[in-house]
Amino acid sequence: MVGTNLKAETMKLMDKRANKETEMDVIIQRLCQPGGPGFSGNLVDSEGFPRTDIDIPIVRADRHRLAELLNDHKIMTEKIDQNIQVLHSARLASTPSSVKDSDDTAGLGVQGSAVNIAKASTSAMDMDVSFSRPFAVIDEITEESPAAEDGLQLGDQVVRFGNVQSGENLLQRLAAEAQSNQGCAVSMTVMRQGAMANVKVTPRAWQGRGLLGCNFRIL
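Given the structure is predicted, the values throughout are model-derived calculations rather than measurements.

A look at the overall build of the protein
Helix and strand counts for the protein come out as 5 helices and 5 strands. Per-residue burial for the protein yields a buried fraction of 38% across its 219 residues. The contacts of the protein with a sequence gap of at least 6 include a subset with a gap of at least 24, amounting to 65%. As displayed, the protein has an accessible area near 12600 Å², and 53% of this comes from carbon and sulfur atoms.

Right under this line is the structure:
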């Protein structure tokens, strides 16, 4: 029963996170439209006067709201990961005990609880598959770029970049994640030569273009 409740809680969190992502996508599109200020562009012109081609109060509100959404998204992702780990641990812990206790005279009750745990763990595995599916591949890395120096490799398939895992408008969300973490290490999970690898990448200014110096091709 605990596993079932935990699964239900996790699914609700995933739905809430999806709603956050939808709102984030709207804000990102608005900030990054042609001529838009982006995530950190100047709100004043070359002479120091407020720009007249944008609605400055709306831009400030959008940036503030985006920061809140990114923080909420991070908290939800961490909680979802914790729940999945608990469900997987329950599955692993139940395997030997269910086999052992199934021979006992009181086995009916034990077997019943083992079935519930097995169902919950199967659902956890299904959710984990969605988390483990790559959504982009790195098909270009510039020499001496942050991506190159921090250990990314050509052909790395991206499963997670910070709080970005899957969904729509991935390129915009990847850019937003890099911008919001400029100067801070971002955790990445990549599929490399058939195995999962964890990498820390720090988006930062360098002599080339962008904050990473690599190209993400959405799969």
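Still to come is the rest of the account.
Some points on the pairing of strand β2 (residues 157-161)
Among the 5 residues of β2, 4 are classified as buried, and the element is accordingly described as predominantly covered. The pairing of strand β1 (residues 136-141) with β2 spans 2 bridges and is classified as antiparallel. Paired with V137 across the bridge in β2 is Q157. Strand direction decides the pairing type here: β2 and strand β3 (residues 186-192), joined by 4 bridges, are antiparallel. Note that in β3 the partner of Q157 across the bridge is M191.

Quick look at the nonpolar core
Counting 21 residues, the largest nonpolar core has F135, L152, V158, F161, M188, C214 and F216 as the members making the most contacts within it. For this core, the secondary structure elements donating two or more residues are β1, β2, α5 (170-180), β3, β4 (195-201) and β5 (214-218). Not counting chain neighbours up to four residues away, the residues in contact with F135 comprise V158, V159, R160, V164, Q165, S166, L170, L174, R217, I218 and L219. The next biggest cluster of nonpolar side chains, apart from the first, holds 13 residues, and it includes I28, L31, I54 and I56.

Remarks on the sheet that holds β4
On the basis of which strands lie adjacent, the open sheet formed by 5 strands has the order β4-β3-β2-β1-β5 and antiparallel pairing. Of all strands in the sheet, those bounded by a partner on one side alone are β4 and β5. Strand after strand, the sheet turns through a mean of 40° between neighbouring axes, direction not considered.

Examining the pairing of β1
Of the pairings in the sheet, the one linking β1 to β5 comprises 5 bridges and is antiparallel in character. Across the sheet, the residue bridging to I141 is C214, located in β5.

Section: the pattern of salt bridges
Taken as a whole and assessed by the stated rule, the structure comprises 12 salt bridges. One salt bridge in this structure joins E68 and R65, with 3.2 Å as the shortest N-O distance. Taken as a pair, E68 and R65 lie in helix α2 (residues 56-101) at a separation of 3 residues, close to a single helical turn. By relative accessible area, which is 26% here, R65 ends up partly exposed. Close ionic contact of D81 with R160 constitutes a salt bridge, the shortest N to O distance being 2.9 Å. Separated by 79 residues along the polypeptide, D81 in helix α2 and R160 in strand β2 bring together distant segments of the chain. Connected through shared salt-bridge partners, E23, R65 and E68 make up one network.

What to know about empty space enclosed by the protein
The final tally for this structure, using the stated rule, is 1 cavity of 30 Å³ or more. Volume-wise, the largest cavity comes out at about 50 Å³. Of all the secondary-structure elements, those providing two or more residues to the lining of the largest cavity are α1 (2-31), α2 and α5. Among the elements that make up the lining of the largest cavity, the one with the highest residue count is α5 (3 residues). Of the residues that constitute the lining of the largest cavity, the class distribution is 5 nonpolar, 2 polar and 2 charged.

Scoring rules and cut-offs
Residues numbered from 1 in each chain as written. Predicted model: local features only at pLDDT ≥ 70, side-chain atom pairs only at ≥ 80, totals over all residues. Heavy atoms only, no water. Helix = DSSP H or I, 4+ residues; strand = E, 2+ residues; numbered from the N terminus. Buried < 20%, exposed > 50% of the residue type's maximum accessible area, 1.4 Å probe, protein only. Contact = heavy atoms within 4.5 Å. Areas by Shrake-Rupley, 256 points an atom, 1.4 Å probe, with all protein chains shown as cover. Pairing = 2+ DSSP bridges. Core = buried A, V, L, I, M, F, W, Y, C linked by side-chain atoms within 4.5 Å. Axes fitted to C-alpha atoms, helices over the stretch in contact; angles between N-to-C directions. Salt bridge = Lys/Arg side-chain N within 4 Å of Asp/Glu carboxyl O. 1 Å grid on protein atoms, 1.4 Å probe; cavity = no way out; pocket = protein on both sides within 12 Å on 5 of 7 lines; lining within 4 Å. Points joined across faces, edges and corners; volume = space filled by probe spheres on them. Nonpolar A, V, L, I, M, F, W, Y, C, P; charged D, E, K, R; others polar.

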